[in-house]
Amino acid sequence: MRLALAGPGTAERPRVSRDGDGVGTLPLDPAGNGDGSGGFPPRGGGDGRGGEGSRRPKPPDKPRLKKLRVALVLLGLSLLAAVSWIFGIMMAVASDLPQLEDRAQFASAHNSVIFDDHNHRLALVTNNAGRVLIPSAQIAPVMKEATVAIEDKRFYQHRGVDFVGIGRAFLDDVLHRGAQQGASTITEQFVKNALQAQGSRTVFEKLREAALAYQLERHWDKDKILSEYLNEIYFGEGAYGVEAAARTYFGWNHPGCGVPHHRCASELFPWEAATLAGLISSPSGYDPKTIPQAALARRNLVLQNMEQQGDITPAEYERCSRVPLPRPGQIRAPETPSKAPYFTAWVRQQLIDLYGPGRVFNGGLRVKSTLDLPLEERVQQIVDSTLGGLGGPSSAVVVLDNATGGVRAMVGGLDYHSQAFNIATEGARQPGSAFKPFTLVTALEDGISPETTFTSAPQHLPYRVKFKDKRGKTVIKNDLFDVQNYANEYGGVRTVFSGTTFSDNAVYSQLGMRVGPANVAETAHKMGITSPLTSPGIEYSVNGGPFTHYNPALILGGLSTGVNPLEMAHAFDTLAENGRLISGTMATAHGAPIGILKVTDSGGHVVTANNGAPGINRVESEQAIPASVAEEAKSILETVVSEGTGTHAQTGQYEWGKTGTTTDNGDAWFAGATRDITVAVWVGYPNSTTPMKTLYSGGPVDGGTYPADIFRQIVEAWGQIQAQEHHSHHVPTTSSSTTSSSSSSYAPSTTTVAPASTTAVPSASSSSAPATGGGTTHSAAPAAPAAPAAPTQPAPAPAPAPTPPATGGTGGTGAVSGGGGVGAG
């Protein structure tokens, strides 16, 4: 561009020259720079046609312009094609809408089947028995509000696909550098679940689901979508659909509900609806029976969202958030016929964790389990005949195959139909002296000789305790760990060996204080105990060492929470296998015991799990404790059966074990093993810690009575069954580097040796009261806050009193939580 003047020295306004045509004007440059950049031009003038001193403007880059035009055209055509393709898909999927009705899904479901390891049919895994499809009018409005509040707050604003939610989720994920939240709407979740149930999800599943969600919103109203969604989703405990869930978790609170004209789902209170809505995203992760802390926090989050959305008032939120969760005994799963109901309920949850509820309940899987049905039936008969006439106490039993870690028999109570809560896998009972082998193993690992002597007399062992008082001030106090023996019987001076044989609390308290409660807890976790062993809110120091959350009573089996027979059997199995923690590729958690051998479809093809588990079990192991230590511990524990507190367990063959009894005989245990199997037996009242002072022929029930009797009968039954199978030429075989085993149908063993994990999974209990144990009386810690009335409730933030509690423990406080047991014989 160039500026041209009429003539030298004139004052005429300059004009813009474009390609020499002289069209247009520009204002004068007040600075008069004359540099050709908008002011006066250099002297010499010109007419705009390239006179002297002028520059001809650069012609445009025509090839570049053509490329740009072609690119714009192609982009437009691509966008048009994409829109047309998406529109075409959205129109095409409209034909799928009728198939999304939950009744169609219900009709097309194929039940999965569980077999034992000899291919005896055990049970159907079906939702048909408990699932009830109900109309919208029979679903309480508060249930719909709770679901929207936690699953899709903009449900009533979007049209099936929430672009605002997608943007918010994307931004949150970017800011946190990782996936923080999803953006699926209730409509999309409903479509996804429906397609999974029909087995019709494709490679374009996400796009198809979005398209169907959009179409669904054009054909169905919001209430229909929400009602269909609530009828199809899984709420845990085998409950499919909102009516089955309401009946399972809260039927106890609505007497008579569950019939056609009196649906449980129509009567839900806000806190009940919030509990159920909180389960939707993760039924196992927010299970009020097994993880009450997480379930309570989730329920209260739902209530908080409901308050924010105006569904409930602030006063209702405050009131509802304080209501306890249902107790484990109140939760009644839909019943399905099973020959081993406690075991199949446990395996069903494992299948759901591995394959998802849709595939398990509707996918027609064929599941070969580890159970030995003939042994299972005999174990149940033994429990019934031993305790059935007592009118109160129950028993939980787990039998493991030593070499494979597979569950061969499982009894969770006297009667599944009247007491469906599975104490064998979900209970948390005080172990008493049955916990002492972990103290023994820790001492042997530390190089303490079994011939080391200690005084067998009442003990008053010093320790320090740290806690916060009512004003929040940290207090450190000196205290005494007071220990007495069961029945006040003492031996003067005893070795560790003798102290184990006769379960001497005085000896073991001194031994445990020497090795340290924290180290005992670490050993227990390495060997297979998964329940938490800490005392939240209170710290302890022994022998001048650092403060930890491990109560000194732990060394004698006085725990804050308690343990269940499955984890006790698994930890004792580690001893049986010379220190190797046994698990397998089909375990749902690292190092866990096994219940599933193989999963196939109806055509016999092995089905890989969602987490990559291969669908067929391979035995895995890791060296948790030194083999030499395990062997030495077993040789000491043999004397418990041969001449000590567990003589009732004698069968005349190789066996070893440990008895356990808690305060006032509220819990009684025997856990031990032969060369083939490991057995853990618990006896007590399932919903309390009622003393059993006169129930054993007029005398007290302790670990050496009914539990040892049951152990002996199970070992004898195992031998008889194996002899019968051998006689029938059906001797099962399995591989083990250390023991012989008779279990069948196990995949070849693959062994990996590595340090054992010490990470504990959340327990079924939430009690934070410090445990006491290890003697008939002893002072273990400052008093912790009182536990809530319902044992499933998480305790408030610990605020112990500045003075220690009265001596003695109370044992467990129900099927789920224990308040401190006493180690005894």
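Residues numbered from 1 in each chain as written. Predicted model: local features only at pLDDT ≥ 70, side-chain atom pairs only at ≥ 80, totals over all residues. Heavy atoms only, no water.

Visitor: I'm lost on the overall build of the protein in this one. Help?
Guide: Helix and strand content of the protein: 22 helices and 18 strands. Here the protein, with 825 residues, has 55% of them falling under the buried criterion. Residue pairs in contact within the protein that sit at least 24 positions apart in sequence constitute 72% of those at least 6 positions apart. (Helix = DSSP H or I, 4+ residues; strand = E, 2+ residues; numbered from the N terminus. Buried < 20%, exposed > 50% of the residue type's maximum accessible area, 1.4 Å probe, protein only. Contact = heavy atoms within 4.5 Å.)

Visitor: Before we go on, may I ask you to explain the packing of aromatic side chains in this structure?
Guide: Two aromatic rings are characterised by how far apart their centres lie and by the angle between their planes. In the structure shown here, the tally under the stated rule is 14 aromatic pairs. An angle of 25° between the planes, with centres 5.0 Å apart, marks the rings of Phe269 and Trp271 as stacked. The class for Phe269 is partly exposed, based on a relative accessible area of 34%. Ring centres of Tyr696 and Tyr706 lie 4.8 Å apart, and the angle between their planes is 80°; on these two criteria the pair is classed as edge-to-face. Note that Tyr696 is positioned in the loop between β18 (677-684) and α22 (706-727) and Tyr706 in helix α22, a separation of 10 residues in sequence. Residue Tyr706 is classed as buried on the basis of its relative accessible area, which comes to 10%. Among the aromatic residues, ring-to-ring pairing joins Phe435, Phe438, Phe572 and Trp656 into one connected group. Its end group placed over the ring of Phe155, Lys222 keeps NZ or CZ at 4.5 Å from the ring centre. For Lys466, the ring lying beneath its charged end belongs to Phe547, and the centroid distance is 4.7 Å. (Phe/Tyr/Trp six-rings, centres within 6.5 Å; stacked < 30°, edge-to-face > 60°. Lys NZ or Arg CZ within 6 Å of the ring centre and 35° of its normal.)

Visitor: Please clarify how the state of the cysteines should be interpreted in this entry.
Guide: Summed over the entire model, instances satisfying the criterion amount to 1 disulfide. Linked covalently through their sulfurs, Cys257 and Cys264 form a disulfide whose S-S length is 1.9 Å. The disulfide joining Cys257 to Cys264 has a torsion of about 85° about its S-S bond and is therefore right-handed. The residues Cys257 and Cys264 share a single accessibility class, namely buried. (Disulfide = S-S within 2.5 Å.)

Visitor: Teacher, can you tell me more about the sheet that holds β18 here?
Guide: Within a sheet, adjacent strands bond to each other through the backbone by hydrogen bonds, running parallel or antiparallel. One open sheet accounts for 5 strands, arranged β7-β6-β18-β17-β16; its pairing is antiparallel. Each edge of the sheet is formed by a strand with only one pairing partner; in this case those strands are β7 (407-411) and β16 (656-661). Neighbour to neighbour, the strand axes of the sheet diverge by 5° on average, direction disregarded. Relative to β18, strand β6 (residues 394-401) runs antiparallel, the two sharing 8 bridges. From the neighbouring strand, Asp401 faces β18, where its bridge partner is Ile677. (Pairing = 2+ DSSP bridges. Axes fitted to C-alpha atoms, helices over the stretch in contact; angles between N-to-C directions.)

Visitor: Looking at this structure, I do not really get the packing of helix α3 (residues 141-151) against helix α10 (residues 292-308). What am I missing?
Guide: What describes two packed helices is the angle between their axes and the distance between those same axes. It is the contact of α3 with α10, at a shortest axis distance of 8 Å, that shows an interaxial angle of 100°. With respect to their mutual orientation, α3 and α10 come out roughly perpendicular. For the pair formed by α3 and α10, the contact residues are Val142, Glu145, Ala146, Ala149, Ile150 and Glu151 on the first element and Arg298, Leu301, Val302, Asn305 and Met306 on the second. Each residue belonging to the contact of α3 with α10 can be placed in one class, and the counts come to 7 nonpolar, 1 polar and 3 charged. (Parallel < 35°, antiparallel > 145°, perpendicular 65-115°, else oblique. Nonpolar A, V, L, I, M, F, W, Y, C, P; charged D, E, K, R; others polar.)

Visitor: Whenever I open this one, the pattern of salt bridges confuses me. Can you help?
Guide: It is possible for side chains of opposite charge to pair when their charged atoms get near one another. Scanning the model with the defined rule gives 20 salt bridges in all. Its salt-bridge partner being Asp372, residue Arg408 comes within 3.5 Å of it at the nearest N-O pair. Placement of the pair is Arg408 in strand β7 and Asp372 in the loop between β5 (366-369) and α14 (373-387), with a sequence separation of 36 residues. Across this residue pair, the class does not change: Arg408 and Asp372 are buried. One network of salt bridges, with partners in common, ties together Asp117, Asp372 and Arg408. (Salt bridge = Lys/Arg side-chain N within 4 Å of Asp/Glu carboxyl O.)

Visitor: Looking at this model, I keep getting lost on a nonpolar patch on the surface. Mind explaining?
Guide: Taken together, the side chains of Val70, Val73, Leu74, Leu77 and Leu80 define a hydrophobic patch exposed on the protein surface, amounting to about 480 Å² of accessible area. Tracing the backbone shows Leu80 in helix α1 (residues 62-92). (Patch = residues over 30% accessible without salt bridge, like charges linked within 9 Å, V, L, I, M, F, W, Y side chains within 5 Å. Areas by Shrake-Rupley, 256 points an atom, 1.4 Å probe, with all protein chains shown as cover.)

Visitor: Sorry, what's going on with the packing of helix α16 (residues 436-445) against helix α20 (residues 565-576) here?
Guide: One way to put it is that α16 packs onto α20 with a least axis distance of 11 Å and a crossing angle of 35°. At the point where α16 passes α20, the crossing takes the left-handed sense. Taking contact as the criterion, the partners of Pro437, Phe438 and Val441 in α16 are, on α20, Met568, Ala571, Phe572 and Leu575. A class-by-class count of the residues in the contact of α16 with α20 yields 7 nonpolar, no polar and no charged. (Left-handed = near helix turned anticlockwise from the far one by under 90°.)

Visitor: I tried to follow α10 on my own but got confused; where do I start?
Guide: Think of an α-helix as turning once every 3.6 residues; residues three or four places apart then point the same way. The end-to-end C-alpha distance of α10 is 24 Å, a good match for the 24 Å that 17 residues give at a rise of 1.5 Å each. For α10, the full list of buried residues reads Pro292, Ala295, Leu296, Arg298, Arg299, Asn300, Val302, Leu303, Asn305 and Met306. The inward-facing, buried residues of α10 contact α3, α9 (270-279) and α11 (314-320). One or two positions beyond α10, positive phi appears at Gly310, with a value near 80°. (Expected span 1.5 Å × (residues − 1).)

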